[in-house]
Amino acid sequence: MSKYFPVHPENPQQRSLNQIVDILHHGGLIAYPTDTGYAFGARLGNKDAVDRIRKLRQLSDKHHFTLVMSQFAQVGQYVQMDNWVFRAVSAAVPGRYTFILNATRDVPKVMLHPRKKTVGVRVPEHVTALALLEALNEPIVSSTLILPGQDTPMVDGWQVQDEIGDQLDAVLDSGDCGVEPTTVVDFTSGEAVVTRRGAGDPSLFE
């Protein structure tokens, strides 16, 4: 059974965050709250954890994993952006969007779409998620915590712990969580294409 960390939604306890960072550094797989539901999280380059996510969600190798970051300034290290894309993305973050972009060499191959060499990036609006990212001081490899047969993400930490805690290493619960997944915008064709309508206003990219 995973370790369960309840924290304050406005001032998450640093001791708990540091313990979760230690779990991530030691190869763990976590579940954590965001502004768009719960997400699986692992450290960048952790192939075993990525494989665990694929198994839990029954994903193909064509699934786009997402690099979740604490600030827009980090995005350029991991994805390629023309000037117009840079302006469009910077105007929408932090926010409830995932952007699909061509990856740089800093992104491990295990995370990439096998044919397109693309990856998702996002900067959330959620106190606990941002605090965890700041404590880790690097992006978290993420995938929305939508289980097989479900259409929406899990939104309660206690439920995550009860249902799949035995398949995780830690669950972070601050009692507040979005209920709708991100809006996904794909820039890899040379224009903005909304591939999933979700919590973020899609009209910004249509």
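Heads up: the structure comes first, above all this text.
For clarity, every value in this text was computed on a predicted model and none was experimentally measured.

Colleague: Any chance you could break down the nonpolar core for me, citing the residues and the numbers?
Modeller: For soluble globular proteins, the rule of thumb is that nonpolar side chains tend to be buried together. Phe40, Leu67, Phe99, Leu145, Val160 and Leu168 are the most contacted members of the largest nonpolar core, which has 42 residues in total. Those elements giving two or more residues to this core turn out to be β3 (37-43), α2 (47-57), α3 (83-90), β5 (97-102), β6 (118-122) and α5 (157-164). In terms of residue count, the dominant contributor to this core is α2 (4 residues). Those residues in contact with Leu145 that sit more than four places away from it in its chain are Ala31, Tyr38, Ala39, Phe40, Pro153, Met154, Val160 and Ile164.

Colleague: So what's going on with the packing of helix α1 (residues 14-25) against helix α4 (residues 127-136)? Residues and values would help.
Modeller: Put simply, α1 and α4 touch, their axes get as near as 9 Å, and they point 60° apart. As far as their axial angle goes, α4 and α1 are oblique. You can see that α1 and α4 cross each other, and the crossing is right-handed. Side by side, α1 and α4 meet where Gln14, Leu17, Asn18, Ile20, Val21, Leu24 and His25 of the first sit next to Ala131, Leu132, Ala135 and Leu136 of the second. Grouping the constituent residues of the contact of α1 with α4 by class yields 8 nonpolar, 3 polar and no charged.

Colleague: So what's going on with the pattern of salt bridges? Which residues, and what values?
Modeller: Under the defined criterion, the tally for this structure stands at 7 salt bridges. In this structure, the salt-bridge partner of Arg52 is Asp169, at a minimum N-O distance of 2.9 Å. Of this pair, Arg52 sits in helix α2 while Asp169 is found in the loop between α5 and β8 (170-173), placing the two residues 117 residues apart along the sequence. Accessibility expressed as a relative area gives 29% for Arg52, which makes it partly exposed. One salt-bridge network, in which partners are shared between bridges, spans Asp35, Arg96 and Arg122.

Colleague: Mind laying out the sheet that holds β8, listing which residues take part and the relevant values?
Modeller: Pairing between sheet strands relies on hydrogen bonds along the backbone, with the strands arranged either parallel or antiparallel. With mixed pairing, the 10 strands of this open sheet are ordered in space as β1-β8-β2-β3-β7-β4-β6-β5-β9-β10. Across the chains shown, the open sheet's two edge strands, defined by having one partner strand only, are β1 (3-6) and β10 (193-196). Pairs of neighbouring strands in the sheet enclose a mean axial angle of 35°, with direction left out of account. Strand direction decides the pairing type here: β5 and strand β9 (residues 183-186), joined by 4 bridges, are parallel. When the bridges of β9 are listed, Thr98 appears paired with Val184. Packed on one face of the sheet, α5 meets β1, β2 (30-34), β3 and β8 and runs near 160° to β8.

Cut-offs used in this document
- Residues numbered from 1 in each chain as written.
- Predicted model: local features only at pLDDT ≥ 70, side-chain atom pairs only at ≥ 80, totals over all residues.
- Heavy atoms only, no water.
- Core = buried A, V, L, I, M, F, W, Y, C linked by side-chain atoms within 4.5 Å.
- Buried < 20%, exposed > 50% of the residue type's maximum accessible area, 1.4 Å probe, protein only.
- Helix = DSSP H or I, 4+ residues; strand = E, 2+ residues; numbered from the N terminus.
- Contact = heavy atoms within 4.5 Å.
- Axes fitted to C-alpha atoms, helices over the stretch in contact; angles between N-to-C directions.
- Parallel < 35°, antiparallel > 145°, perpendicular 65-115°, else oblique.
- Left-handed = near helix turned anticlockwise from the far one by under 90°.
- Nonpolar A, V, L, I, M, F, W, Y, C, P; charged D, E, K, R; others polar.
- Salt bridge = Lys/Arg side-chain N within 4 Å of Asp/Glu carboxyl O.
- Pairing = 2+ DSSP bridges.

Limitation: the analysis is restricted to geometry and does not speak to function.
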